[in-house]
Amino acid sequence: MLNFEATIGIEVHVALNTKTKMFSASPVSATSEPNTNINEIDMGLPGALPSPNVAACKKAIMLAHALKMQIATTLSFDRKNYFYYDLPKGYQITQHVNPIGKNGVIDVGGCLVHIEQIQLEEDTAKQIDVFGKLCLDYNRSGVPLIEIISKPDMHTAEEALAYLNQLRLILIYLDISDAKMENGSFRADINVSVTLRGAKTLGTKVEIKNINSFNNIKDAINYEIERQQKQLLNNELITPSTRRWDETKHQTIFMREKTTLVGYHYFPEPNIMPIDIHELVVAITKKVPELPSDALAYLLNKNINKIIAEQIVDDFNLYKLFKIVLEATNLPNQTINWVVNELPFYLKQSNKGYDSCSPTLVNNIIELIKLIDKQEINNKQAKTIFEKMYSSNESPKSLIEKLNFKQITDPTIIRQHLTNIIKQNASVVATYKQNPTRVVKLLIGLLMKETQGQANPIVANDVLIELINSYNNFNE
């Protein structure tokens, strides 16, 4: 509604793709049997001493740098104390006083979303409903997390989705996380408030939890904005609360009120002394991998249409494959045709993604594109070769021999075929001056039929024009 304005802030929890947990040597695995990847540190047993995961710290520094943040030069941790059955120690090791990164920003299509801070912490156990009973899998307990807290800079569901998608791509490009919502490695809590447009203070904040897809995030935000608007129009107070998204009912459902601030009684983690990481920060920020913005700039510099470029960048595995093929061929249009347009058809049929493409297949695609560019095969032949190449991993050159697709490029042989065709179609050739395009197309079509598509079209076209001119001059 025009007289109301929504304000949206988002807290994202990202599970890092490290081999071990945040403070222990327990392996990180999403496929292990429940409660098999735990040790005394994860469970907080007496005498167990945590030790920070260096790989997780490096990933957090990379992310802070990518988000243009002020990066801490001292690594320190705090205890967040609360008692809940998914928290075996009775406290969580996190960063409260001195987060790894502060004051960042993401440019989302001209909308600047400021990042208040990012902090390293450990995950809780996973809650699983088994036949109506709540069960706990402590494999997730202690998995490294980065919590990313945005400022309330977004005002629509579309802006929120654009921010989350851009953030997710950054995480994937930096190899920080697979950032899959369906696996719980990318979890977002959405804070929504609505107030009169132009008001100096924000409205009452309502938090929405347990949203498992981007589409549901969009629907939940729009529903909550509309719900709060209706309450304000009816002069009803909006109470601070936590709600969840019910996908079946297509609405947010009340969970609990937020009447008072929770007393977490933070204090410095006594088992982890502050660590000077200044040299590590300098080393990491010198060699940060390519970001989505860099990838987009690279494609645009290759004169690739912006819409297609954005489509490619949105899928990291597609971008990696596309860049390999483009670097090898330097033929943007052909690379788009075979990697972006043709290849997905076969991947979908075999229920695979771009990351399944073997080095052999990639090299074969490169070879195929080069053969097309050299006009050794035409596009129709290339389609047949591509299909067989995908299923068999045979090289294009061997398939050309096997399928008898080798092109006829010798002008003398092509001239012999065309001379006969012209004699057999003298009445057509006589109309050349009236409709040259139609005549050439017809005669080239007859040539392709006679040579089973093996005549090189460019050589054939040049020879045909020469023969037609000679034939018409002779008959004038």
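Above this text is the structure in question.
What comes next is a walk through the structure. (Residues numbered from 1 in each chain as written. Predicted model: local features only at pLDDT ≥ 70, side-chain atom pairs only at ≥ 80, totals over all residues. Heavy atoms only, no water.)

1. Some thoughts on the overall build of the protein chain
For the protein chain, the count of helices and strands is 15 helices and 16 strands. Its C-alpha radius of gyration of 31 Å places the protein chain more than 25% over the 23 Å reference for a compact globule of 476 residues. Overall size of the protein chain, expressed as C-alpha extent along the three principal axes, is 100 × 55 × 50 Å. Looking at the protein chain residue by residue over its 476 residues, the buried ones come to 46%. Sequence-distant contacts in the protein chain: of pairs separated by 6 or more residues, those separated by 24 or more amount to 68%. Element-wise, carbon and sulfur atoms account for 52% of the exposed surface of the protein chain, whose accessible area totals about 24,800 Å². (Helix = DSSP H or I, 4+ residues; strand = E, 2+ residues; numbered from the N terminus. Rg over C-alpha atoms; globule rule 2.2 N^0.38 Å. Buried < 20%, exposed > 50% of the residue type's maximum accessible area, 1.4 Å probe, protein only. Contact = heavy atoms within 4.5 Å. Areas by Shrake-Rupley, 256 points an atom, 1.4 Å probe, with all protein chains shown as cover.)

2. Description of the nonpolar core
With 65 residues, the main nonpolar core has Ile10, Ile118, Leu120, Ile148, Tyr163 and Ile190 as its most contacted residues. The element that contributes the greatest number of residues to this core is helix α2 (residues 157-173), accounting for 9 residues. Residues within four places of Tyr163 in sequence aside, it is in contact with Ile10, Ile106, Val108, Val113, Ile115, Ile148, Ser150 and Met154. With 42 residues, the next largest nonpolar core counts Tyr298, Ile304, Tyr346 and Phe405 among its residues. (Core = buried A, V, L, I, M, F, W, Y, C linked by side-chain atoms within 4.5 Å.)

3. Thoughts on the pattern of salt bridges
Overall, the coordinates contain 16 salt bridges when judged by the stated rule. One salt bridge connects Asp123 with Arg140, and the closest N-O pair in it is separated by 3.4 Å. One end of the pair, Asp123, is in the loop between β7 (111-122) and β8 (126-130); the other, Arg140, is in the loop between β9 (133-137) and β10 (144-150), with 17 residues separating them in the sequence. A relative accessible area of 5% places Asp123 in the buried class. Note that Asp123 and Arg187 form a salt bridge whose closest N and O atoms lie 3.0 Å from each other. Placement of Asp123 in the loop between β7 and β8 and of Arg187 in strand β11 (residues 186-196) is noted, with a sequence separation of 64 residues between them. Put simply, Asp123, Arg140 and Arg187 are held in one network by salt bridges that share partners. (Salt bridge = Lys/Arg side-chain N within 4 Å of Asp/Glu carboxyl O.)

4. Looking at the sheet that holds strand β14 (residues 251-257)
Strand pairing in a sheet takes place through backbone hydrogen bonds and is either antiparallel or parallel in direction. Pairing in this open sheet of 9 strands is mixed, and the strands run β2-β6-β7-β10-β1-β11-β12-β13-β14 from one edge to the other. Whereas interior strands pair on both sides, the edge strands pair on one side only; in this sheet they are β2 (70-71) and β14. Relative to strand β6 (residues 101-108), β2 runs antiparallel, the two being bridged by 2 bridges. Among the inter-strand pairings, Ile71 is bridged to a residue of β6, identified as Gly101. Strands β2, β6, β7 and β10 of the sheet are contacted by helix α1 (residues 54-66), whose axis makes an angle of about 170° with β7. (Pairing = 2+ DSSP bridges. Axes fitted to C-alpha atoms, helices over the stretch in contact; angles between N-to-C directions.)

5. As for the packing of helix α7 (residues 316-329) against helix α9 (residues 359-373)
At their nearest, the axes of α7 and α9 sit 10 Å apart, and the two run at 40° to each other. As the angle between them shows, α7 and α9 are arranged oblique. Relative to α9, α7 is oriented so that their crossing is right-handed. Residues Leu321, Ile324, Val325, Ala328 and Thr329 of α7 form the contact with α9, whose participating residues are Val362, Ile365, Ile366, Ile369 and Lys370. (Parallel < 35°, antiparallel > 145°, perpendicular 65-115°, else oblique. Left-handed = near helix turned anticlockwise from the far one by under 90°.)

6. A closer look at the side chain of Ser141
With respect to the helices, strands and loops of the structure, Ser141 is situated in the loop between β9 and β10. In this structure Ser141 comes out as buried when scored by relative accessible area, which is 2%. Setting aside residues up to four positions removed in sequence, Ser141 forms contacts with Lys21, Asp42, Pro88, Asp123, Thr124 and Ala125.

7. Thoughts on the environment of Ser395
Summarising the element assignment, Ser395 is placed in the loop between α10 (379-392) and α11 (396-402). Separated by 34 residues in the primary sequence, Ser395 and Leu361 place their C-alpha atoms 8.5 Å from one another. Look past the residues within four positions of Ser395 in its chain and what remains in contact with it is Asn364 and Glu367.

8. Description of α2
End to end, α2 covers 24 Å across 17 residues, agreeing with the expected 24 Å (1.5 Å per residue, within 8%). Listing the buried residues of α2 in full gives Ala157, Ala160, Leu161, Tyr163, Leu164, Leu167, Leu169, Ile170, Leu171, Ile172 and Tyr173. Looking one or two residues beyond α2, the residue adopting positive phi is Asp175, at roughly 55°. (Expected span 1.5 Å × (residues − 1).)

9. Considering the environment of Glu33
Topologically, Glu33 is positioned in the loop between β1 (4-15) and α1. Separated by 104 residues in sequence, Glu33 and Asp137 place their C-alpha atoms 8.9 Å apart.

10. Considering the sheet that holds strand β15 (residues 267-268)
A sheet is described by the order of its strands in space; here 3 strands give the open sequence β5-β4-β15, paired in antiparallel fashion. What marks the edges here is a single partner per strand, and that holds for β5 (91-94) and β15. Direction of pairing for strand β4 (residues 78-81) relative to β5: antiparallel, over a ladder of 4 bridges. Paired with Asp78 across the strands is Thr94, a residue of β5.

11. Thoughts on the environment of Asn435
The topology assignment puts Asn435 in the loop between α13 (426-429) and α14 (436-450). Of note is the side chain of Asn435, whose polar atom sits 3.3 Å from the backbone nitrogen of Arg438. (Polar contact = N/O pair within 3.5 Å; in protein donor to acceptor, adjacent residues only side chain to side chain.)

12. Here's the deal with the packing of aromatic side chains
For the coordinates displayed, the defined rule picks out 13 aromatic pairs. When the ring of Tyr84 is compared with that of Tyr85, the centres are 4.4 Å apart and the planes differ by 25°; the resulting orientation is stacked. Judged by its relative accessible area of 40%, Tyr84 falls in the partly exposed class. Of the residues examined, Tyr85 reaches a relative accessible area of 41% and is grouped as partly exposed. Seen in terms of ring centroids, Phe186 and Phe214 are 6.2 Å apart; in terms of plane orientation they differ by 10°. Their pairing is stacked. Here the residue Phe186 occupies a position in strand β11, and Phe214 occupies one in helix α3 (residues 214-233), the gap between them amounting to 28 residues. Each residue in the set Trp338, Phe345, Tyr346, Phe386 and Tyr390 is aromatic and connected to the rest through ring pairs, giving one cluster. (Phe/Tyr/Trp six-rings, centres within 6.5 Å; stacked < 30°, edge-to-face > 60°.)

13. Comments concerning unusual backbone geometry
You will see that His250, though not glycine, has its phi angle at about 60°, which is positive. Residue classification places His250 among the partly exposed positions, given a relative accessible area of 44%. For Gln375, which is not glycine, the phi torsion reads 65° and is therefore positive. Mapped onto the elements of the fold, Gln375 is located in the loop between α9 and α10.

So far we have only geometry, and geometry alone does not tell us how the molecule works.
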